[in-house]
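Residues per chain are reported as follows:
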Amino acid sequence: MYDFIVVGAGPAGARFARRSAAAGYDVCVFEHGEIGRPLACSGHVSLDIWEYLPDDARSDLFQNDIFGARFHTGGPETPAERFYKESPVSNAIDRVGLDKRLAEAAESAGATVLENHTVTGVVEHPDHVEVTVSGPDGVETHEALLVAGCDGPRSRVRSECSIPAPDEFLHGVLAFDETPDFDDHVDVHLTVPEFFAWRIPRGEAGVEYGLAVAPGADVAARFDAFCDAYDVSVTHRCSGAIPIGPPSRTIGARSFLLGDAAGQTKPFTGGGILYGMQAADHAAETIDPNDPGSLGAYDRSWREDLATEIRLGHWLRRAYSLPTPVQKLGLSTLSGEIGVHMDRPSTLFSGTQLKAWLTGGAE
């Protein structure tokens, strides 16, 4: 009987496992395949990421410093409006390596982390939860006081425990050009319906190209056209669902969701690494496996922290669907030096950002 079974060893699951194991709880993590693979998420992250990693992780994971972004309303040949800081805004990192280092940190804290173990069933009982797992040695049954669903946008835990799904799912695709590129700006193209396409330089690791669209919007053809416009040949193509908008609740009777499973993502980029790990910390600080009633405290706690950012993120996303002339006007008016945090839309109203606008930060 574990205190917690964690389904999924991505950033949110590994972070929760690490914090809970360090607090003295008996934690087991099941990952359906190899940790970090297949890749289904961009490696462009805010500098806050390093706070969640061991001190020596940066030397292994860091790929490139990013100082800003160029926004285009057309393809790569169109003029761009530049938004920047004089110091790094974000980093490009080894995304697969990130998952592995976070899982290693969970193991070091005392959690059991098992790869190639696929959870096929979850049953909540009055006093425990029963988890069926298909592993290298066959089908196994494990029990825990609570189960954490950290198993991505198509979460098995969510469906088995009858927790509502996120509001929306986008279809994202990304791939890589292995030609080294040390440019210090990403390129954002507002050419995709209701979302955008991107180009991220990753230093010696090459360049990441990607986009996201609503399901059924012919993502493959759009992505091919985007890469053709840059005249690049890409490899290691991968795709997946991107949840947007958390459901009305992220808990069950003896279950709770974290990360993509809970829709804890930025509506304006689809990224969820930082939000998922922030929610994992709330879970570790509020949930007592011996008291299922504490699950409600977790659901309230993470929303109090992230609800405003997610709500503002929805408003930012609406700008992607504005008429092109309006987009051009807005970008040209606001471009220049910025004072915002890439994961926190609320910083658009910070003193630093307002000062940048009032002092004519635009070039």
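Structural notes, computed from the coordinates. Nothing here was measured: the structure is a model prediction, and the numbers come from that model. (Residues numbered from 1 in each chain as written. Predicted model: local features only at pLDDT ≥ 70, side-chain atom pairs only at ≥ 80, totals over all residues. Heavy atoms only, no water.)

1. Some points on helix α7 (residues 295–318)
Item 1. Here α7 contains 24 residues, and its C-alpha end-to-end distance of 33 Å stays within 8% of the 34 Å for a straight helix at 1.5 Å per residue.
Item 2. Helix geometry: α7 is bent most strongly at Leu306, by close to 50 degrees.
Item 3. Next to the buried residues of α7 lie β11 (138–149), β12 (168–177), β14 (195–201), β16 (235–244), β17 (255–257) and α6 (273–286). (Helix = DSSP H or I, 4+ residues; strand = E, 2+ residues; numbered from the N terminus. Expected span 1.5 Å × (residues − 1). Bend = angle between axes of the 7 residues up to and from the residue. Contact = heavy atoms within 4.5 Å.)

2. Remarks on unusual backbone geometry
Item 1. In this structure, Ser162 is a non-glycine residue whose phi angle is positive, near 55 degrees.
Item 2. Tracing the sequence through the fold places Ser162 in the loop between α4 (156–160) and β12.
Item 3. For Ser162, a relative accessible area of 54% gives the class exposed.
Item 4. The residue Asp231 is not glycine, and still its phi comes out positive at about 55 degrees.
Item 5. On the secondary structure map, Asp231 appears in the loop between α5 (219–230) and β16.
Item 6. Judged by relative accessible area, which is 70%, Asp231 ranks as exposed. (Buried < 20%, exposed > 50% of the residue type's maximum accessible area, 1.4 Å probe, protein only.)

3. So, the packing of aromatic side chains
Item 1. Counted by the stated rule, this structure contains 13 aromatic pairs.
Item 2. An angle of 85 degrees between the planes, with centres 5.5 Å apart, marks the rings of Phe226 and Tyr230 as edge-to-face. Pair noted here: Phe226 and Tyr230 are both in helix α5, with a separation of four residues, about one helical turn.
Item 3. By relative accessible area, Phe226 is classed as buried at 8%.
Item 4. By way of ring pairs, the aromatic residues Phe4, Phe16, Tyr25, Phe256 and Tyr298 are connected into one cluster.
Item 5. The ring of Tyr84 has Arg82 lying over it, and the distance from NZ or CZ to the ring centre is 4.0 Å.
Item 6. When the ring centre of Phe169 is taken as origin, the NZ or CZ atom of Arg154, which lies over that ring, is 4.2 Å away. (Phe/Tyr/Trp six-rings, centres within 6.5 Å; stacked < 30°, edge-to-face > 60°. Lys NZ or Arg CZ within 6 Å of the ring centre and 35° of its normal.)

4. Here's the deal with the packing of helix α1 (residues 11–22) against helix α3 (residues 95–108)
Item 1. The interhelical angle for the contact between α1 and α3, taken along N-to-C directions, is 20 degrees, at an axis separation of 8 Å. Of the possible angle classes, the one that applies to α1 and α3 is roughly parallel. α1 and α3 meet at a crossing whose hand is left-handed. Across the interface between the two elements, Pro11, Ala14, Ala17 and Arg18 from α1 touch Arg95, Leu98, Asp99, Leu102, Ala103, Ala105 and Ala106 from α3.
Item 2. Its residues assigned to classes, the contact of α1 with α3 comprises eight nonpolar, no polar and three charged. (Axes fitted to C-alpha atoms, helices over the stretch in contact; angles between N-to-C directions. Parallel < 35°, antiparallel > 145°, perpendicular 65-115°, else oblique. Left-handed = near helix turned anticlockwise from the far one by under 90°. Nonpolar A, V, L, I, M, F, W, Y, C, P; charged D, E, K, R; others polar.)

5. Brief notes about α5
Item 1. Relative to the 16 Å expected for twelve residues at 1.5 Å per residue, α5 spans 17 Å between its end C-alpha atoms, a close match to the ideal helical length.
Item 2. Those residues of α5 hidden inside the fold are in contact with β12, β13 (185–192), β14, β15 (207–213) and β16.

6. Some points on the sheet that holds β12
Remark on secondary structure: sheet strands pair via backbone hydrogen bonds, oriented parallel or antiparallel.
Item 1. Across the sheet, which stays open at both edges, the eight strands sit in the order β16-β12-β15-β14-β13-β5-β6-β18 with mixed pairing between neighbours. On the outer flanks of this sheet lie β16 and β18 (336–337), each paired with one strand and no other.
Item 2. Bridge count for strand β6 (residues 80–84) against β18 is two bridges, and the pairing is parallel. Looking at the pairing, Phe83 lines up with Gly336 of β18. (Pairing = 2+ DSSP bridges.)

7. Thoughts on the sheet that holds strand β3 (residues 44–46)
Item 1. The strand order across the open sheet formed by three strands is β3-β7-β4, and the pairing between neighbours is antiparallel. One side of each edge strand has no neighbouring strand; the edge strands of this open sheet are β3 and β4 (62–66). When the angles between neighbouring strand axes are averaged without regard to direction, this sheet yields 35 degrees.
Item 2. For β4 and strand β7 (residues 90–93), the ladder comprises four bridges, and the chain directions are antiparallel. Bridge pairing in β7 places Ile66 opposite Ser90.

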